[in-house]
Amino acid sequence: MSYMVLARRWRPQRFSDLIGQDVVVRTLQNSLKNNQMAHAYLLSGIRGTGKTTIARLLAMVVNCQQPDHGEPCGQCTPCTSIATGSNLDVQEMDAASHTGVDDIREILDGVRYPPSTLQYKVYIIDEAHMLSKSAFNALLKTLEEPPARVLFLLATTEAEKLPITVRSRCQRFDLRRLGSDEISHYLAQVLGEEKVAYEAEALHAIAHAADGSVRDALSLTERVLAYGGDTLSSEHVRHALGLVGPDIIRRLSDAVLCGNAQAAIDALRDASGGGHAPRSILLGMSELWHDLACMMVDADLLQHEPGEVARAWLTDRLNCWDTQALDLRYQVLIQGLRDLMLVDERQAANMLLIRLCSLNGISPPRRMPELDLSAPTRQQENPVQDSPRAESRPVEPLIQAVATDKHQPDAQASPAIPAAASLPAKAETEPELTTTQQPAAYASWEEAVEAYGKVRAGVAALLEHVLCLGFGDKVRLALDTHQERAIVAAERMSFAEWLGREIHWEPKADQQGESLSAQRARQAEARQQQLEKSAEDDPHVQALKQAFDAKIEAVRAPGAAGTDEGDDIPLEEEVS
Ligand SMILES: [Zn+2]
């Protein structure tokens, strides 16, 4: 059996063979029955949904000698001659390759003459939006004064590109994009009649790749059968169509959820090793997350029936994130996908995964799934339940690139995470901690507080006023009574965990030293004094003072409040 003809063999011969376009078909058949046919129709919809098929069937049924309940008989001379494309009264034109005014004039020339053998002359213009402006004008004239017994059928994938004057003279039908499930069912029917064995999951994969187009689904099926022989298996589909396996995408997603950047990059590398572009792998993850979000809101929102394994996986992950946390990651992922084309795709993909993993710092999951690190290249040494933490590599707080003020309070206000079996027991008392962020080697107290400002801005602002007595393996901090109350125990523990050093919190007595804010104030004061001194010493200022008997009222640094924009002199004096 040759599969190369599948799409042609299954081209609908009757309106009832069409799938998913019932409303359009019924409306057309009713107007036919009631003799209320318009003289021009505009059929719009994505590729492969049946626009030209409907146009040809319409050409047949209006000319058929024995139409049956709005269906062409398919046997009479008009029907067969139209079906084979040999009847000169039915003109088909592809506007994509014939855009000019001469092309349209050529076919419109015949409009003046009545049909020679048929009841109606039919003009089918495919991809009508591609016509040039002058071609549209020529067409418009004919549409304005339509001759009798002429039918215009315009098909387009982009109806909005047609001039409004043309659109308004056509009766318009929008063909709908088919759901994955409809296409799967249709493929099952086709393959059943073709006596080809198939796996349900394979049909889902093809239907998904066809993206709403029946014709694409049939062509893709042909391709897979040409590759894999007489059966249609998921594996054949993946290989023939170059699709990424769902298992590796689920593995990648779990690694991201656990904040394990190393495992995530490994999963990406394994998938890329199969010849897949990082972009398509990450797109697969975005689709998986979309499915997960649908399941969270309402399982009926899923546009396809996931296989058994996929459904079990999705169900298990439902309580790992809330919709907000999932959406945050989805946004970062989509944004990152846009950047992939700017630099080396692999590099950008790795960076994106690290960024996604670091999101656990501001938006920790409620529960972590067990990470399967035994997959292809990873050697599993630790018990699985310890893996998220044990396998973690330090993740620099890249979140500064994505963390916004909007998320900050959310992270702080997030309710306690239910302790999960896969987390160390310690997590129970430190619900808000990231489990993946490890201390970076901050050289100074100032650096550490500045970095923490991107994690917990509020706490960092308080810490700026705290006196740091020592910053080594152990950190000594002195708190006054106000700070003792303001920085609560949980926040102290969070900070210590984040910093990765032991912290001694001491009451402030008469220790020597100054806090970061005091240090900053002192430095600002010193700069101001320096400014004023150089102003006093400036010969021009002295000359001004003498000439006008003036005194210096204030000296401001360039760029400080009250300074004129674009001022390029180093000092400014207000003289009175
Ligand atoms: Zn017929």
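Residues numbered from 1 in each chain as written. Predicted model: local features only at pLDDT ≥ 70, side-chain atom pairs only at ≥ 80, totals over all residues. Heavy atoms only, no water.

The strand order across the open sheet built from 3 strands is S8-S9-S10, with neighbouring strands paired in mixed fashion. What marks the edges here is a single partner per strand, and that holds for strand S8 (467-471) and strand S10 (502-507). Each strand axis lies, on average, 20° off the axis of its neighbour in the sheet, ignoring direction. By the bridge criterion, 6 bridges tie strand S9 (residues 474-479) to S10 in an arrangement that is parallel. Counted as the bridge partner of Lys 474 is Glu 502 from S10. (Pairing = 2+ DSSP bridges. Helix = DSSP H or I, 4+ residues; strand = E, 2+ residues; numbered from the N terminus. Axes fitted to C-alpha atoms, helices over the stretch in contact; angles between N-to-C directions.)

Let us now look at helix H8 (residues 180-194). Residue pairs three or four apart in sequence face the same way in an α-helix, which turns once every 3.6 residues. Compared with an ideal rise of 1.5 Å per residue, which puts 15 residues at 21 Å, H8 spans 21 Å between its outermost C-alpha atoms and is within 8% of the ideal. Three or more residues of H8 are buried, namely Ser 180, Ile 183, Ser 184, Tyr 186, Leu 187, Val 190, Leu 191 and Glu 194. End-on view of H8: buried residues confined to an arc of 165°, all on one side of the axis. Every exposed residue of H8 that faces more than 90 degrees away from the buried side is listed here: His 185 and Glu 193. Of the residues flanking the end of H8, it is Lys 195, one or two places downstream, whose phi is positive at about 60°. (Expected span 1.5 Å × (residues − 1). Buried < 20%, exposed > 50% of the residue type's maximum accessible area, 1.4 Å probe, protein only. Arc of directions from axis to C-beta.)

This part takes up the sheet that holds strand S3 (residues 121-126). Taken together, 5 strands build an open sheet; the order of strands is S2-S3-S4-S1-S5 and the sheet is parallel. Only two strands of the sheet have a single neighbouring strand rather than two, namely strand S2 (90-94) and strand S5 (171-174). For this sheet the average axis-to-axis angle between neighbouring strands, irrespective of direction, equals 15°. Here S2 pairs with S3 via 5 bridges, running parallel. Paired with Met 93 across the bridge in S3 is Ile 125. Across the sheet, helix H2 (residues 22-33) touches strand S1 (40-44) and S5, and the angle it forms with S5 is around 150°. (Contact = heavy atoms within 4.5 Å.)

Let us now look at the nonpolar core. As a rule of thumb, nonpolar side chains are buried together in soluble globular proteins. Residues Leu 252, Leu 282, Met 285, Trp 289, Leu 333, Leu 353 and Leu 356 are the most contacted members of the largest nonpolar core, which totals 44 residues. Of the residues forming this core, the biggest block, 8 residues, is contributed by helix H14 (residues 278-297). Sequence-distant contacts of Trp 289, defined by excluding residues within four places in its chain, comprise Ser 253, Val 256, Trp 321, Leu 326, Arg 329, Tyr 330, Leu 333 and Leu 356. Ranked by size, the runner-up nonpolar core spans 27 residues in total, among them Met 60, Val 90, Leu 118 and Leu 151. (Core = buried A, V, L, I, M, F, W, Y, C linked by side-chain atoms within 4.5 Å.)

On to a nonpolar patch on the surface. Residues Met 341, Leu 342 and Val 343 make up a contiguous nonpolar surface patch of roughly 370 Å² in combined accessible area. Along the chain, Met 341 falls in the loop between helix H16 (323-339) and helix H17 (345-358). Judged by its relative accessible area of 66%, Met 341 falls in the exposed class. (Patch = residues over 30% accessible without salt bridge, like charges linked within 9 Å, V, L, I, M, F, W, Y side chains within 5 Å. Areas by Shrake-Rupley, 256 points an atom, 1.4 Å probe, with all protein chains shown as cover. Salt bridge = Lys/Arg side-chain N within 4 Å of Asp/Glu carboxyl O.)

Okay, unusual backbone geometry next. One non-glycine residue, Arg 149, lies in the positive phi region at around 60°. Relative to the helices and strands, Arg 149 is located in the loop between helix H6 (133-144) and strand S4 (150-156). Here Arg 149 falls in the partly exposed class, since its relative accessible area comes to 39%. Positive phi, close to 55°, is recorded for Asp 549, a residue that is not glycine. Structurally, Asp 549 is set in the loop between helix H25 (539-548) and strand S11 (552-556).

Further remarks concern the pattern of salt bridges. As a working rule, side chains carrying opposite charge can pair if their charged atoms are close by. Inspection of every chain in the model, using the stated rule, returns 22 salt bridges. Residue Arg 476 is joined to Glu 506 by a salt bridge in which the shortest nitrogen-to-oxygen separation is 2.6 Å. Residue Arg 476 is found in strand S9, and its partner Glu 506 is found in strand S10; the two are separated by 30 residues along the sequence. For Arg 476, a relative accessible area of 36% corresponds to the partly exposed category. A cluster of three or more residues bridged by salt bridges with shared partners is formed by Glu 160, Arg 167, Arg 172 and Asp 174.

Another aspect to go through is the coordination of the zinc ion. The protein atoms that coordinate the zinc ion are Cys 64 (SG), Cys 73 (SG), Cys 76 (SG) and Cys 79 (SG), at distances spanning 2.2 to 2.3 Å. Classification of the site at the zinc ion rests on its 4 donor atoms, whose angles at the metal span 102 to 122°, yielding the label tetrahedral. For the zinc ion, all donor residues lie on one chain, and their spacing in sequence is C-x8-C-x2-C-x2-C. With Cys 64 in the loop between helix H3 (51-63) and helix H4 (77-83) and Cys 76 in the loop between H3 and H4, the pair connects residues that are 12 residues apart, well separated along the chain. Here Cys 64 and Cys 76 have matching classes, each one buried. (Donors = N, O, S within 2.8 Å, 3.2 Å for Na, K, Ca; no water. Tetrahedral: all angles 85-135°; square planar, octahedral: opposite > 155°, others 65-115°.)

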